[in-house]
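Structural characterization, general
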Amino acid sequence: MKIPCLSSVFILFIAITIQSSCSIYVIADVSSDTTWNERQAYIVHVDAMPTSTNMTMSHQQWHESFIPTTSSEGLLYSFKHVMNGFAAMLTEEEVEALSKRDEFLHAQPSKIYQLATTYSPKFLGLEAKNRQFWKGKAGYGKGVVIGVIDTGITPLHQSFNDYEMPPPPRKWKGRCEFLSQDLCNNKIIGARSFNHRGGYTTPIDKHGHGTHTAGIAAGRFVNNASVLHSANGTASGIAPDAHLAIYNVCDESGSSCPDVDILAGIETAIEDGVDILSISLAIPTDDLPLYKDLISIASFKAVIEKGVVVSASALL
């Protein structure tokens, strides 16, 4: 895949990675929570669909074939980019029955990730005196699509105006799920939301974290910005001319970001055509084996198979 403006991508990769430093977070295991119809969300890894089956069923139908007849919930999500597998509401007994299939590899209960963030362009020396490099070689991120996996966005914020911005690149396949389509523009070119428990969700940020991280990554230049009339100056993100694609994977309080919805957001972002993924959500690197760290697995596949640069929070 050809990624526009390679130097922009390099700058963005470094910058968005730095934003994850000094983060503090907690992860909660929901494996003991079976109050919802005695079922819980499981993420199940399975073998790829056999070649002999390719002609008779779709990728999703292959995953549906694993759902026990005792389950009335069906698939939550079917994954093909982030992993070979799916998410479904299952009981422990159903998982046990499912594990007897030869194609079964691994299943684990969904975990809850929490928010993590910090930092600014100044850390990278991108303030006014260095703008010639920023503007010239890096191009302010022009032509790059950054997918933000978080709590959504406040689309009318000044940081996300599209003044003199070009339209989305031809490869872009995403869509806008704001109630008003006018809230998407040449800056915010896509907005989606994910909630595996059902019910209406919106890409509108009810918490603030997603707006903050999107602004860090790609906020436009905003003159005379201040906090309560203090620290007056020009605010901007690392790549002010990059496009933004927003994927809300958290609840309104920002306290719960299930990995099943995070994976669905990553899966969709890859299909939409993002160049970079920013995931400022807590990933436990100290107590979770790598083979159970589904965000790391999904990120690895995104980089290796799709050429998408992934920047995610981590303990330092």
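Computed from a predicted structure; not experimentally measured.

Regarding helix H5 (residues 209–218)
Burial runs high along H5: 9 of the 10 residues are buried. Of all the residues in H5, the buried ones are His209, Gly210, Thr211, Thr213, Ala214, Gly215, Ile216, Ala217 and Ala218.

Remarks on helix H6 (residues 259–272)
The end-to-end C-alpha distance of H6 is 19 Å, a good match for the 20 Å that 14 residues give at a rise of 1.5 Å each. Counting buried positions along H6 yields 13 of 14 residues, so the element is predominantly enclosed.

As for the nonpolar core
By size, the foremost hydrophobic cluster in this structure holds 38 residues, and its most contacted members are Ile149, Ile262, Leu263, Ile266, Val274 and Leu281. Those elements that place two or more of their residues in this core are strand E2 (40–46), strand E3 (75–79), strand E4 (85–90), strand E7 (145–150), strand E11 (243–248), H6, strand E13 (276–279) and helix H7 (294–306). A total of 7 residues in this core trace back to one element, the largest contributor, which is H6. If you count residues domain by domain, this core takes at least three from each of domain 1 (40–50 + 57–109) and domain 2 (120–312). In contact with Ile266, not counting residues within four places along its chain, are Val82, Ile149, Leu277, Ile279, Ile295 and Ala298. One finds Val144, Ala217, Leu244 and Ile276 within the second-largest nonpolar core, a separate group that totals 19 residues.

Considering the packing of H6 against H7
Two elements in contact, H6 and H7, have axes whose closest approach is 10 Å; the angle formed by their N-to-C orientations is 10°. Relative to H7, H6 is oriented roughly parallel. Contacts between H6 and H7 involve Asp259, Ile262, Leu263, Ile266 and Ile270 from the first element and Leu294, Ile295, Ala298, Ala302 and Lys306 from the second. Grouping the constituent residues of the contact of H6 with H7 by class yields 8 nonpolar, no polar and 2 charged.

What about a nonpolar patch on the surface?
Together, Phe300, Val303 and Ile304 line one region of the surface with nonpolar side chains, adding up to about 310 Å² of accessible area. You can see Ile304 is positioned in helix H7. For Ile304, a relative accessible area of 57% corresponds to the exposed category.

Focus on the packing of aromatic side chains
Applying the stated rule across the entire model yields 5 aromatic pairs. With a centroid separation of 5.1 Å and an interplanar angle of 90°, the aromatic rings of Trp62 and Phe66 are classed as edge-to-face. Of the two residues, Trp62 and Phe66, both sit in the buried class. Taken together, a centroid distance of 5.4 Å and an interplanar angle of 75° make the contact between Tyr140 and Phe221 edge-to-face. Of the two residues, Tyr140 sits in the loop between helix H4 (131–135) and E7 while Phe221 sits in the loop between H5 and strand E9 (222–227), which places them 81 residues apart along the sequence. The class of Tyr140 is buried, set by a relative accessible area of 11%. A relative accessible area of 27% places Phe221 in the partly exposed class. Ring-pair connections join several aromatic residues into one group, and the members of that group are Trp62, Phe66 and Phe86. The residue whose ring lies beneath Arg101 is Trp62, and the NZ or CZ to ring-centre distance is 5.6 Å. The cationic tip of Arg101 hangs over the ring face of Phe66; the distance from NZ or CZ to the ring centre is 3.9 Å.

Basis of the calculations
- Residues numbered from 1 in each chain as written.
- Predicted model: local features only at pLDDT ≥ 70, side-chain atom pairs only at ≥ 80, totals over all residues.
- Heavy atoms only, no water.
- Buried < 20%, exposed > 50% of the residue type's maximum accessible area, 1.4 Å probe, protein only.
- Helix = DSSP H or I, 4+ residues; strand = E, 2+ residues; numbered from the N terminus.
- Expected span 1.5 Å × (residues − 1).
- Core = buried A, V, L, I, M, F, W, Y, C linked by side-chain atoms within 4.5 Å.
- Domains from an automatic or database assignment.
- Contact = heavy atoms within 4.5 Å.
- Axes fitted to C-alpha atoms, helices over the stretch in contact; angles between N-to-C directions.
- Parallel < 35°, antiparallel > 145°, perpendicular 65-115°, else oblique.
- Nonpolar A, V, L, I, M, F, W, Y, C, P; charged D, E, K, R; others polar.
- Patch = residues over 30% accessible without salt bridge, like charges linked within 9 Å, V, L, I, M, F, W, Y side chains within 5 Å.
- Areas by Shrake-Rupley, 256 points an atom, 1.4 Å probe, with all protein chains shown as cover.
- Salt bridge = Lys/Arg side-chain N within 4 Å of Asp/Glu carboxyl O.
- Phe/Tyr/Trp six-rings, centres within 6.5 Å; stacked < 30°, edge-to-face > 60°.
- Lys NZ or Arg CZ within 6 Å of the ring centre and 35° of its normal.

Worth remembering: the numbers are spatial, not functional.
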